[in-house]
Amino acid sequence: RGRVAHFRTELLEDAETTDAVRARHRMERRLRLAIESRSLSLHYQPVVTLPSGGVTGVEALARWEDDELGRVAPDQFIPLAERTGLVVDLGRWVLQTACREAAGWPAGPSGLLPTVAVNVSPVQLAQRGFIDDVTRALEDSGLAPDRLCLEITETAAITDLTATAARLAQVRDLGVRLALDDFGAGHSALTLLRALPVHLVKIDRSFIERVASDTADAVLVRLVIEAAHSLGRRVCAEGVETAEQAQQLASMGCDSAQGWLFGRPEPASPRLAARLTSRSPAEPLATDAVLPL
Ligand code: C2E
Ligand code: MG
Ligand code: MG
Ligand code: MG
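We now turn to the structure provided with this report. Bear in mind the structure is a predicted one, so any value in this text is a computation, not a measurement.

About the cut-offs
- Residues numbered from 1 in each chain as written.
- Chains lettered and ligands numbered in written order.
- Predicted model: local features only at pLDDT ≥ 70, side-chain atom pairs only at ≥ 80, totals over all residues.
- Heavy atoms only, no water.
- Helix = DSSP H or I, 4+ residues; strand = E, 2+ residues; numbered from the N terminus.
- Expected span 1.5 Å × (residues − 1).
- Buried < 20%, exposed > 50% of the residue type's maximum accessible area, 1.4 Å probe, protein only.
- Donors = N, O, S within 2.8 Å, 3.2 Å for Na, K, Ca; no water.
- Near = heavy atom within 4 Å.
- Polar contact = N/O pair within 3.5 Å; in protein donor to acceptor, adjacent residues only side chain to side chain.
- Areas by Shrake-Rupley, 256 points an atom, 1.4 Å probe, with all protein chains shown as cover.
- 1 Å grid on protein atoms, 1.4 Å probe; cavity = no way out; pocket = protein on both sides within 12 Å on 5 of 7 lines; lining within 4 Å.
- Sits in = over half its atoms within 2 Å of the grid points.
- Nonpolar A, V, L, I, M, F, W, Y, C, P; charged D, E, K, R; others polar.
- Points joined across faces, edges and corners; volume = space filled by probe spheres on them.
- Patch = residues over 30% accessible without salt bridge, like charges linked within 9 Å, V, L, I, M, F, W, Y side chains within 5 Å.
- Salt bridge = Lys/Arg side-chain N within 4 Å of Asp/Glu carboxyl O.
- Axes fitted to C-alpha atoms, helices over the stretch in contact; angles between N-to-C directions.
- Parallel < 35°, antiparallel > 145°, perpendicular 65-115°, else oblique.
- Left-handed = near helix turned anticlockwise from the far one by under 90°.
- Contact = heavy atoms within 4.5 Å.

Taking 1.5 Å per residue, 17 residues should reach 24 Å; helix α3 (residues 87-103) reaches 24 Å between its end C-alpha atoms and fits that length. Among all positions of α3, only V87, V88, L90, G91, W93, V94, L95, T97, A98, C99 and A102 are buried.

Structure follows, in structure tokens:
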């Protein structure tokens, strides 16, 4: 009887696996269609300087709302796109769209134009045509190269540090800015900061979560900020949700921040454009996000 029960369990597991495989194939089919029919969209999240809280730019984040599957989160469809190679077409579309939309945004009172950050998958970065894709996106949109920042996750860098560094140097030579995304999320080594020619280090949300409450996390964040600054890199904190976190980060010398405290990702709109141009980067926020220093 035990054996029979065991056998039946195995059959059930097989059925489940088949279902999972079918669901994955379906999602892959739908994603391919979404990319081809240009039915993905971009949301933009404000990036602010610390301690002022002035908006200096945005990060573009891909969104997918499917007719059949409903809303699918990037943490689901980006890995799928990477596994299937679809991320190359998806990424090219994101790059083109973000550059085109950002090129239309007017300057703030300071005369400074907002920047736009675009996430780049390791698969995309390693691709032969990547430099051409970036060049074309800049040319087609007319966006100045220093208004574009490409974000690369640290895991991408670790697989082949030398190749990644060489490729990033090519991108940097276009005049484009570079950021190391999700720093601290993986097995990050501080040597990455030295080896990779990035302008900016983005500290992962998992560290920022407890930066105001956990001493160990605060120590690590402070160390990363100091190390990055010593090596001539700027630092951005990801996932800032409370005024306490922002205050703590500002007191540690963190240069910029992103998070729900300052704004959630939202579609490009006159409202967002108004936010981008409403204050100069040096002007303090007149809300509860004010950071007394
Ligand atoms: P990421 O590049 O690290 O983007 C930040 C993520 O944190 C976004 O999630 C954003 O919505 C979320 N976030 C921002 N502020 C807060 C906060 O205060 N609290 C919390 N809890 N979350 C916050 P999202 O949009 O779901 O994207 C997830 C990841 O998917 C991104 O992480 C990025 O790695 C990837 N991704 C998104 N769009 C693209 C894309 O166009 N291309 C590629 N290659 N990857 C993308
Ligand atoms: Mg990012
Ligand atoms: Mg990140
Ligand atoms: Mg991420």
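There is more to say after this.
For the rest of this paragraph, the subject is the coordination of the magnesium ion (ligand 3). With distances of 2.0 to 2.6 Å, the protein atoms coordinating the magnesium ion (ligand 3) are D181 (OD), D182 (OD), E238 (OE) and E238 (OE). All donors of the magnesium ion (ligand 3) belong to a single chain; written as a sequence motif, their spacing is D-D-x55-E. In this model, the magnesium ion (ligand 3) sits 4.0 Å from the magnesium ion (ligand 2), the two metals being bridged by D181. Of this pair, D181 sits in strand β6 (residues 177-183) while E238 sits in the loop between β8 (234-237) and α11 (243-251), and the two are 57 residues apart along the sequence. Here the two residues D181 and E238 agree in accessibility, since each one is buried.

In the region of ligand 1, 22 residues are neighbours, and R63, N119, D181, E241 and W260 sit closest. In this structure, an oxygen atom belonging to ligand 1 sits 3.0 Å away from a side-chain N or O atom of D182. W260 has a polar backbone atom sitting 2.8 Å from an oxygen atom of ligand 1. Out of a free accessible area of 800 Å², ligand 1 has 85% covered by protein chains. Here ligand 1 occupies the largest pocket. No other element matches strand β2 (residues 55-66), which puts four residues into the shell around ligand 1. For the shell around ligand 1, a count of residues per class yields eight nonpolar, five polar and nine charged.

With that out of the way, let us pick up the layout of surface pockets. The volume enclosed by the largest pocket comes to roughly 1,400 Å³. Residue lining of the largest pocket: 41 residues in total, with E59, L61, P74, D75 and N119 positioned closest to the centre. Of the residues that constitute the lining of the largest pocket, the class distribution is 14 nonpolar, 12 polar and 15 charged. A volume near 630 Å³ is recorded for the second largest pocket. Taken together, 24 residues make up the lining of the second largest pocket; nearest its centre are T56, T115, R177, L200 and S256. Contributions of two or more residues to the lining of the second largest pocket are made by β1 (41-49), β2, β4 (115-120), β5 (148-153), β6, β7 (200-203) and β8.

Together, V219, L220 and L223 give the surface a local cluster of nonpolar side chains, amounting to about 250 Å² of exposed area. Structurally, L223 is set in helix α10 (residues 215-230). Residue L223 is classed as partly exposed on the basis of its relative accessible area of 47%.

A separate point is the packing of α3 against helix α5 (residues 130-141). With their axes 9 Å apart at the nearest point, α3 and α5 run at an angle of 30 degrees to one another. It follows from the interaxial angle that α3 and α5 lie roughly parallel. Crossing of α3 over α5 shows right-handed handedness. The segment α3 lies against α5, with R92, L95, Q96, C99, R100 and A103 engaging D133, V134, R136, A137, D140 and S141. Looking at the contact of α3 with α5 residue by residue, the class counts come to five nonpolar, two polar and five charged.

This next bit is on the coordination of the magnesium ion (ligand 2). Each protein donor to the magnesium ion (ligand 2) is listed here as E59 (OE), N119 (OD1), E151 (OE) and D181 (OD); together their distances run 2.0 to 2.2 Å. Within one chain, the residues donating to the magnesium ion (ligand 2) are spaced in sequence as E-x59-N-x31-E-x29-D. Looking at E59, the relative accessible area reads 4%, which means it is buried. For E151, a relative accessible area of 2% corresponds to the buried category.

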